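Topology and contacts: notes
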Amino acid sequence: MTTIDVNSLLLQMRRITAQSEMPAIRGVGEAAGAGKSSFGDLLKQSIDGVSKSQDKAEQMAAGFERGDPGIDLAQVMIQGQKADLSFRAMNEVRNKMVDAYKEIMNMSV
């Protein structure tokens, strides 16, 4: 059975947090830095990560069903829970974005 490495998980969370921080506000007409990623790029990376997590869970489940010796039930269940949790988190982010969009559209100018 594999154990979750807390330090590795914290490092990943810090890396994601650092990537998602907003760049400094620039003046009108100034271009963003070439190395900076946009919110859309960050969102696409997140969706791709969720998709990869779900694909890995499916592959592990299929491998377990085939009887692959390197895959045990605990690994399959943990990967399935990771995929489910990442999908739920992505769904909550989507819901918050839709709520924010609705709120902005209802604002009077």
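To be clear, the structure that these remarks concern was listed above.
Residues numbered from 1 in each chain as written. Predicted model: local features only at pLDDT ≥ 70, side-chain atom pairs only at ≥ 80, totals over all residues. Heavy atoms only, no water.

1. Looking at the overall build of the chain
Counting secondary structure elements, the chain contains 3 helices and 0 strands. For the chain, the succession of helices and strands along the chain, N to C, is α-α-α. For the chain, restricting intrachain contacts to residue pairs at least 6 apart in sequence, the fraction spanning at least 24 positions comes to 51%. Looking at the chain as shown, the accessible area adds up to about 9,300 Å², and 59% of this sits on carbon and sulfur atoms. (Helix = DSSP H or I, 4+ residues; strand = E, 2+ residues; numbered from the N terminus. Contact = heavy atoms within 4.5 Å. Areas by Shrake-Rupley, 256 points an atom, 1.4 Å probe, with all protein chains shown as cover.)

2. Side note on the side chain of Gln79
For Gln79, the position within the fold is in helix 3 (residues 73-105). Here the side chain of Gln79 touches Ser53 through a polar contact of 3.5 Å, landing on its backbone oxygen. Non-local contacts of Gln79, meaning those with residues more than four positions away in its chain, are made with Ser53, Lys56, Ala57 and Met60. (Polar contact = N/O pair within 3.5 Å; in protein donor to acceptor, adjacent residues only side chain to side chain.)

3. With respect to helix 3
Compared with the 48 Å implied by 1.5 Å per residue over 33 residues, the 48 Å span of helix 3 between its first and last C-alpha is a close match. Where helix 3 is buried, its residues touch helix 2 (39-66). (Expected span 1.5 Å × (residues − 1).)

4. Comments concerning the packing of helix 2 against helix 3
The geometry of helix 2 relative to helix 3 is characterised by a closest axis approach of 9 Å and an angle of 155° between their N-to-C directions. Compared by their axis directions, helix 2 and helix 3 come out roughly antiparallel. The two elements helix 2 and helix 3 cross, and the hand of that crossing is left-handed. Contacts between helix 2 and helix 3 pair Phe39, Leu43, Ile47, Val50, Ser53, Gln54, Lys56, Ala57, Met60, Ala61 and Phe64 from the former with Leu73, Gln75, Val76, Gln79, Gly80, Lys82, Ala83, Ser86, Phe87, Met90 and Met97 from the latter. A breakdown of the residues in the contact of helix 2 with helix 3 according to their chemical character gives 14 nonpolar, 6 polar and 2 charged. (Axes fitted to C-alpha atoms, helices over the stretch in contact; angles between N-to-C directions. Parallel < 35°, antiparallel > 145°, perpendicular 65-115°, else oblique. Left-handed = near helix turned anticlockwise from the far one by under 90°. Nonpolar A, V, L, I, M, F, W, Y, C, P; charged D, E, K, R; others polar.)

5. Some thoughts on helix 2
Between its terminal C-alpha atoms helix 2 stretches 41 Å, which fits the 40 Å expected from 28 residues at 1.5 Å a residue. Every buried residue of helix 2 is accounted for by Leu42, Val50, Ser53, Ala57, Met60 and Gly63. Positive phi appears at Gly67, one or two residues downstream of helix 2, with a value of about 90°. (Buried < 20%, exposed > 50% of the residue type's maximum accessible area, 1.4 Å probe, protein only.)

6. Looking at the side chain of Ser53
Of note, Ser53 is situated in helix 2. Judged by relative accessible area, Ser53 falls into the buried class, the value being 14%. Beyond its immediate stretch of four places on either side in the chain, Ser53 contacts Gln79, Lys82, Ala83 and Ser86.

7. Brief notes about the environment of Lys82
With respect to the helices and strands, the residue Lys82 is situated in helix 3. Note: C-alpha distance between Lys82 and Ala57 (25 residues apart in sequence) is 8.4 Å.

8. Remarks on a nonpolar patch on the surface
A contiguous nonpolar patch, built from Tyr101, Ile104, Met105 and Met107 and spanning about 470 Å² of accessible area, is present on the exposed surface. Tracing the backbone shows Met107 in the segment after helix 3. (Patch = residues over 30% accessible without salt bridge, like charges linked within 9 Å, V, L, I, M, F, W, Y side chains within 5 Å. Salt bridge = Lys/Arg side-chain N within 4 Å of Asp/Glu carboxyl O.)

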